[in-house]
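A look at the structure
The residues making up each chain are set out below.
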Amino acid sequence: MDGREDLVAELGKLDHGNKVEPARLLGMIVALAGEVFVLKAQNERLQRALKASGVLADGDLNTAAAEDSMQAWFVAEEQAFTRAVLGPLLQGDQTINATAGMLER
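To keep things clear, this report deals only with the structure shown in the data block. All figures in this text were calculated on a predicted structure; none of them were measured in a lab. (Residues numbered from 1 in each chain as written. Predicted model: local features only at pLDDT ≥ 70, side-chain atom pairs only at ≥ 80, totals over all residues. Heavy atoms only, no water.)

When its secondary structure is counted, the protein chain shows 5 helices and 0 strands. Secondary structure elements of the protein chain, listed N to C terminal, follow the sequence α-α-α-α-α. Every one of the 105 residues in the protein chain was classed for burial, and the buried ones make up 10%. Here the analysis covers contacts within the protein chain between residues at least 6 apart in sequence; of these, 70% occur between residues at least 24 apart. Within the structure as shown, the protein chain displays about 8600 Å² of accessible surface, and the carbon and sulfur contribution to it stands at 62%. (Helix = DSSP H or I, 4+ residues; strand = E, 2+ residues; numbered from the N terminus. Buried < 20%, exposed > 50% of the residue type's maximum accessible area, 1.4 Å probe, protein only. Contact = heavy atoms within 4.5 Å. Areas by Shrake-Rupley, 256 points an atom, 1.4 Å probe, with all protein chains shown as cover.)

Written out as structure tokens, the structure reads:
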């Protein structure tokens, strides 16, 4: 079983009946969407500046994307990124439950 299958299996265990996980997931998606928009704008601005200055030709990015080292980086980064983003959802609330200590007093 690869990392993706593990992730799908873990997501399938979530209790969607209590409406907590879906709300947290939606919040994560909205936050990530905002970050993606900012990164897309920065990437576009950088590409335009590099092309305008003559540092980057039209096909250079496609050539770099096809390199084996870039493909290997992408696979590793995709797995690490997915785990980092969805980790809090899969692990649940990591705050300390102090109820037991409070009941002892």
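Structure shown, so let's carry the discussion forward.
What follows concerns the environment of Gln47. As for its position among the elements, Gln47 is in helix α2 (residues 20-52). Along the primary structure Gln47 and Leu61 are separated by 14 residues, whereas in three dimensions their C-alpha atoms are 9.3 Å apart. Aside from chain neighbours lying at most four places away, what touches Gln47 is Leu56 and Leu61.

This part covers the pattern of salt bridges. Counted under the stated rule, the structure contains 2 salt bridges. The closest approach of N and O atoms between Arg48 and Glu44, which form a salt bridge, is 2.7 Å. Highlighted residues: Arg48 and Glu44, both in helix α2, separated by 4 residues, approximately one helical turn. We classify Arg48 as exposed; its relative accessible area is 58%. In this structure, Lys51 engages Asp58 in a salt bridge whose closest nitrogen and oxygen atoms are separated by 3.6 Å. (Salt bridge = Lys/Arg side-chain N within 4 Å of Asp/Glu carboxyl O.)

Since one α-helical turn is 3.6 residues long, residues separated by three or four positions face the same way. For helix α4 (residues 68-91), spanning 24 residues, the distance from its first C-alpha to its last is 34 Å, which sits close to the expected 34 Å at 1.5 Å a residue. Of all the bends in α4, the greatest, near 40°, is centred on Val85, and the proline Pro88 appears no more than four residues after it. (Expected span 1.5 Å × (residues − 1). Bend = angle between axes of the 7 residues up to and from the residue.)

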